[in-house]
Structures are given as C-alpha cells and as structure tokens.
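Chains, contacts and geometry: an overview
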Amino acid sequence: MPDIIAKVDSFDVSKLVNSEYVEFMTKFRDIITTFPTVVTVLQHLIDQFDALMIDINKSLVAELGSSQTISLANADKLRDQVHRGFCLAVQAQCCSLDDEMAEAAERIYRVVKRYGTSKLRNGTYDSETALIRNVLSDLNSDEHSADCTKIGVTQWLTDLETTNNAFAQVMEARLAEAAASIDYTTGDVRKKMTPLYREITGAADAMVAIKSVNAADFAEFITTLNAEIAYKK
C-alpha cells in the first residue's frame, strides 16, 4: 500500500460565535455522512455527536428566538458607534498644531490600537465586551487619564462605558430568557461538543497514521474536511 499522508488541519472552533459554530458542526456532520466507512468505524463517537447536535440546535433556536435578540443587535450597534467616534476623536487630535496636544493624543492612540479599532468591533460579542472594559480600565488609569482629559475625550469614555454596560445587561437578559425555555445553554453543549469533535478528528488522523485498511477513506474524509476548515479560516 502506498503511503497515505493526511491530517486534519488545526482549527480553533472555540473562536466561532454560536451561529457560526453550529453551522460548522452541521457541515462537519454532513461531510461524515458522505463517508460510510468513517461512520461505521467511528459509530460510537458519531452517535454521541448526533445527540449533541439535537441539543445545540434546540439551544440556538431558543437564543435566536429570544425577544432580546433585536435589542442586543441595537445595543451592539450603539457601542460600536461610540467606539468608532472615540477612535476618530483621538485621531483628530493627533493632527493638532499644538505639539503637547498631539503628543498626548499619540500616546492615547497607541493604547487604542493595542486593543484594536475596527478589529475590536468585528470580534465576538463577548470578546468585544471584554476588550472595551480593558481599554477603559487602561485609559482611566493614572498613567493615561490626564492625557484623555487634555485631548477632551473623557465624555467619549463615559459614553463607551455606558453603552458597553448596557449591552452586557441585554446579553444577560437574553441568556436568562433562553435558559428558561430549556435547562441548558448553547455554551453548555459546546463544552461537550468541542472535545468530541477533536476526538473524532483525532481518531481519523490515527486511522491514517497507522495505515489501517480504511486509511484511504479516512484520508479522503480529512481532505474534504480540511477544505471546509480552510474556507472558515
């Protein structure tokens, strides 16, 4: 038998937001279905995966159907608007003809860039909430507060904190409402599903590595899965 080399590409599924996560896992299960040999050999793992797919779809429907969903999107849009305005206000002062003003603005903008500008706003809900809290903590510290006052962005910081806290409250309300309809959340299912996904892909890697009689089928499965992973990255 000629050497067959294949290995599932590394992919941090934990970075996917819930809807993207469920979409990827659904595609993963669809790919498995097209390889009967993989299904047969890994049946015990796939049965567990199928049960979790049922649970995670129920939890996602509960979350997306929440009356808080529209409010959440609006709250996120509002804090994004404030963060964008804050970044632009700092950048504008970097162009000041007053050297001290421009230098203070440059120091603040370096902090802002450390946490991200548009990249911060394009992250997951939870990551954006955490990053905004971090940047606020940094800019309100003794090291930077004077510069923020000097360039006149303290009101922007206050508004950013207000909108970020408002978003967090809506998020908590949505999760509470979703949890009330079922006794688990999407996050609960993900904690079980992600290790199982890794176990299944690890088993596929092993079947190729040990050159099992089904190595060619598993290699083809891995190649197909890697194409989907490449698309998601």
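What counts as what
- Per chain, the residues get numbers from 1 upward, laid out in the order the sequence is written.
- In keeping with the model being predicted, local features are shown solely for residues with a pLDDT of at least 70 and side-chain atom pairs are shown and tallied solely at 80 or more, while totals for entire chains, interfaces and linings include all residues.
- As a rule here, side-chain values cover all heavy atoms of the structure and leave hydrogens and water aside.
- To qualify as a nonpolar core, a set must consist of buried Ala, Val, Leu, Ile, Met, Phe, Trp, Tyr and Cys residues joined through side-chain atoms within 4.5 Å.
- Each residue is assigned to one of three classes by its accessible area relative to the maximum for its type, calculated with a 1.4 Å probe on protein chains only: buried under 20%, partly exposed between the two thresholds, exposed over 50%.
- The helix count covers DSSP runs of H or I at least four residues long, the strand count covers runs of E at least two residues long, and both are numbered beginning at the N terminus.
- By the convention used here, residues are in contact when the closest approach between their heavy atoms is within 4.5 Å.
- Put simply, a patch holds well-exposed residues, over 30% relative accessible area, that have no salt bridge, with like charges counted together within 9 Å and Val, Leu, Ile, Met, Phe, Trp or Tyr side chains within 5 Å.
- With residues, only the protein chains shown are counted as cover, and all accessible areas are computed by Shrake-Rupley using a 1.4 Å probe.
- Any Lys or Arg side-chain nitrogen found within 4 Å of a carboxyl oxygen on Asp or Glu counts as a salt bridge.
- None of His or the chain ends enter the tally, which takes Lys and Arg as positive and Asp and Glu as negative.
- Note on charges: their place is set at NZ of Lys, CZ of Arg, CG of Asp or CD of Glu.
- Each residue after the first adds 1.5 Å to the expected span of a helix.
- Angles here are taken between N-to-C directions and fall from 0 to 180 degrees, while the axes themselves are lines fitted to C-alpha atoms, restricted in helices to the stretch in contact.
- Working definition: roughly parallel below 35 degrees, roughly antiparallel above 145 degrees, roughly perpendicular at 65 to 115 degrees, and oblique for all remaining angles.
- Put simply, a crossing is left-handed when the front helix is turned counterclockwise from the back one by less than a right angle, and right-handed when it is turned clockwise.
- Classification convention: Asp, Glu, Lys, Arg as charged; Ala, Val, Leu, Ile, Met, Phe, Trp, Tyr, Cys, Pro as nonpolar; all other residues, Gly among them, as polar.

1. Re the nonpolar core
Phe24, Met25, Phe28, Phe49, Tyr197, Phe221 and Leu225 are the most contacted members of the largest nonpolar core, which totals 41 residues. Elements represented by at least two residues in this core include exactly helix 1 (18-33), helix 2 (36-41), helix 3 (43-64), helix 10 (186-209) and helix 11 (215-232). Counting residues per element, this core draws most heavily on helix 10, which supplies nine residues. With sequence-adjacent residues up to four places away left out, methionine 25 is seen in contact with Val13, Phe49, Met53, Met193 and Tyr197. Counting residues in each nonpolar core, the second largest holds 23 residues, with Val90, Val112, Leu120 and Cys148 among its members.

2. A look at a negative patch on the surface
On the surface, Asp98, Asp99, Glu103 and Glu106 cluster together to form a negatively charged patch. By the element assignment, glutamate 103 lies in helix 5 (residues 99-115). Here glutamate 103 falls in the partly exposed class, since its relative accessible area comes to 46%.

3. Focus on helix 7 (residues 125-139)
The terminal C-alpha atoms of helix 7 lie 21 Å apart, and with 15 residues this matches the ideal 21 Å at 1.5 Å per residue to within 8%. By the burial criterion, the buried members of helix 7 are Glu128, Thr129, Ile132, Val135, Leu136, Asp138 and Leu139.

4. Focus on the side chain of glutamate 228
Checked against the element boundaries, glutamate 228 lands in helix 11. When neighbours within four sequence positions are excluded, glutamate 228 is seen to be in contact with Phe24, Lys27 and Ile31.

5. Quick look at the packing of helix 5 against helix 7
Put simply, helix 5 and helix 7 touch, their axes get as near as 10 Å, and they point 160 degrees apart. As summarised for this structure, helix 5 and helix 7 are arranged roughly antiparallel, according to the angle between their axes. Both helix 5 and helix 7 take part in a crossing whose hand is right-handed. The segment helix 5 lies against helix 7, with Ile108, Val111, Arg114 and Tyr115 engaging Leu131, Asn134, Val135, Asp138 and Leu139. The class makeup of the residues in the contact of helix 5 with helix 7 is six nonpolar, one polar and two charged.

Note that all results are geometric; they support no functional claim without further evidence.
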